[in-house]
Amino acid sequence: MDHYSIALIPGDGIGVDVVREGTKVLNTVSELHGGISFDYKEFDWSCEYYAKHGRMMPEDGLEQLKDFDSIFLGAVGYPGVPDHVSLWGLLLPIRRQFEQYINLRPVRLLQGIQSPLAGKTSKDLDFIVIRENNEGEYSNIGGRIYEGTDADMAIQNSVFTRKGVERVLRYAFDLAQKQGKRKHVTAATKSNGINHTMPFWDEYVKKINQEYPDVTSNIVHIDALAAFFVSKPETMDIVVASNLFGDILTDLGAAIVGGLGIAPSANINPEKKYPSMFEPVHGSAPDIAGKGIANPLASIWCTSMMLDHLGHPESAKAIILAMEEVIQEKFVTPDLGGHATTEQVGNRICEKLKTRLK
Ligand code: NAD
Ligand code: IPM
Ligand code: MN
């Protein structure tokens, strides 16, 4: 019996609803599989917690999380607490302290979803974005001076280290070699305008590529790459990008396969020294929070990524197939043109899983 302890951080807004559905799916897998079981500990760390305690998590929050097998997170951030305070108080410290330096974000058109890019099928829209998740543009190095005067100014430095760049590139080339359909890496750059860090990045792309002679690569400026996501997504296989570029590219990636309601993400510590964290790409969606209509598919897809990471590829696959079945029946939330609620979609996926895993 494989037993896993999971830290649940539902967080804010629709994070709470979608994590509830994801947890149901995990429980269904464990009921049916027999060989997998989970126990959960839920943490109420959120903007509401901030209102009561003046911080997003307790001082020893990371210490409390560090021995879990995985972390399952909903979303962080809500009007009332400035976003940089909520995110730098909870989500970003977890990603950094636990060296989750890989942010894996599949962009894949599930069976049954009609792509906004008419004519593209599940074969054309199926690639993975690997986003550097610990440094780059999200450096936290900089400051603000002369606030309130005419000389008011702010500086934020980008940080690209050899260690940080090499390890994310190596992960990307490795994944392309092992799993890539075309064994091809597309690296996002902006070395025309950003003349120190980006040429550095490009140099390491070429260097690491030499360790993988059977993998091809190209380096594409981020602006053009954004357009290629729309105009020729079928040329993508493994895309690797710095922290900010990867962030932006994956909301775009989500948009071309049906929207943020579907897009999953995994914050991976490849060495497994710390727990990895699974969370949808989307945020707390204050505009639909409390309405019961958030799409739980992104979060449920995250449970599939979690099971893959924990070493259960068959259960991971069964979840995707159950999702596709429900989508093909058009039993979906309003963002995908349906009338189902968050809870109904979660329940229906569990029912499908039951028939699959029996
Ligand atoms: P968002 O992703 O929350 O919402 C963008 C749009 O997508 C909204 O119209 C929303 O209704 C829609 N949407 C998102 N998820 C959906 C779902 N599951 N089903 C249906 N529709 C969905 O982005 P935002 O509005 O820029 O940010 C809101 C808050 O979330 C901010 O505080 C932001 O900082 C935070 N945020 C957190 C995370 C995270 O914790 N990982 C990620 C992104 C944004
Ligand atoms: C994401 C989010 C976060 C990020 C924010 C909320 C800090 O947009 O996970 O994509 O940019 O990393
Ligand atoms: Mn984002």
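No experiment lies behind these values; they were computed from the predicted model shown. (Residues numbered from 1 in each chain as written. Chains lettered and ligands numbered in written order. Predicted model: local features only at pLDDT ≥ 70, side-chain atom pairs only at ≥ 80, totals over all residues. Heavy atoms only, no water.)

A. Layout of the site of ligand 2. Near ligand 2, the surroundings consist of L87, R95, R105, R131, Y138 and D247. R95 places a side-chain nitrogen or oxygen 2.6 Å from an oxygen atom of ligand 2. Contact distances for ligand 2 include 2.8 Å between an oxygen atom and a side-chain N or O atom of D247. Contact with the protein chains hides 78% of the accessible area of ligand 2, taken as 320 Å² for the molecule alone. Along the lines of polarity and charge, the residues of the shell around ligand 2 split into two nonpolar, no polar and four charged. (Near = heavy atom within 4 Å. Polar contact = N/O pair within 3.5 Å; in protein donor to acceptor, adjacent residues only side chain to side chain. Areas by Shrake-Rupley, 256 points an atom, 1.4 Å probe, with all protein chains shown as cover. Nonpolar A, V, L, I, M, F, W, Y, C, P; charged D, E, K, R; others polar.)

B. View of the pairing of strand β4 (residues 102-108). Most of β4 sits inside the fold, with six of its seven residues counted as buried. Pairing between β4 and strand β5 (residues 126-132): seven bridges, direction antiparallel. Bridge pairing in β5 links R108 to D126. (Buried < 20%, exposed > 50% of the residue type's maximum accessible area, 1.4 Å probe, protein only. Helix = DSSP H or I, 4+ residues; strand = E, 2+ residues; numbered from the N terminus. Pairing = 2+ DSSP bridges.)

C. The arrangement of the site of ligand 1 in detail. The full set close to ligand 1 counts 22 residues, and V76, D83, G283, A285 and D287 are the nearest of them. In this structure, H282 approaches ligand 1 through a side-chain N or O atom, which is 3.3 Å from a nitrogen atom. Within the side chain of D287, one N or O atom sits 2.8 Å away from an oxygen atom of ligand 1. Of the residues in the shell around ligand 1, the class split is 12 nonpolar, six polar and four charged.

D. Layout of helix α10 (residues 297-310). Its 14 residues give α10 an end-to-end C-alpha distance of 20 Å, which sits within 8% of 20 Å, the value for a rise of 1.5 Å per residue. Along α10, 13 of the 14 residues are buried, which leaves the element largely enclosed by surrounding structure. Where α10 terminates, the next one or two residues include G311, which has phi positive at roughly 100°. (Expected span 1.5 Å × (residues − 1).)

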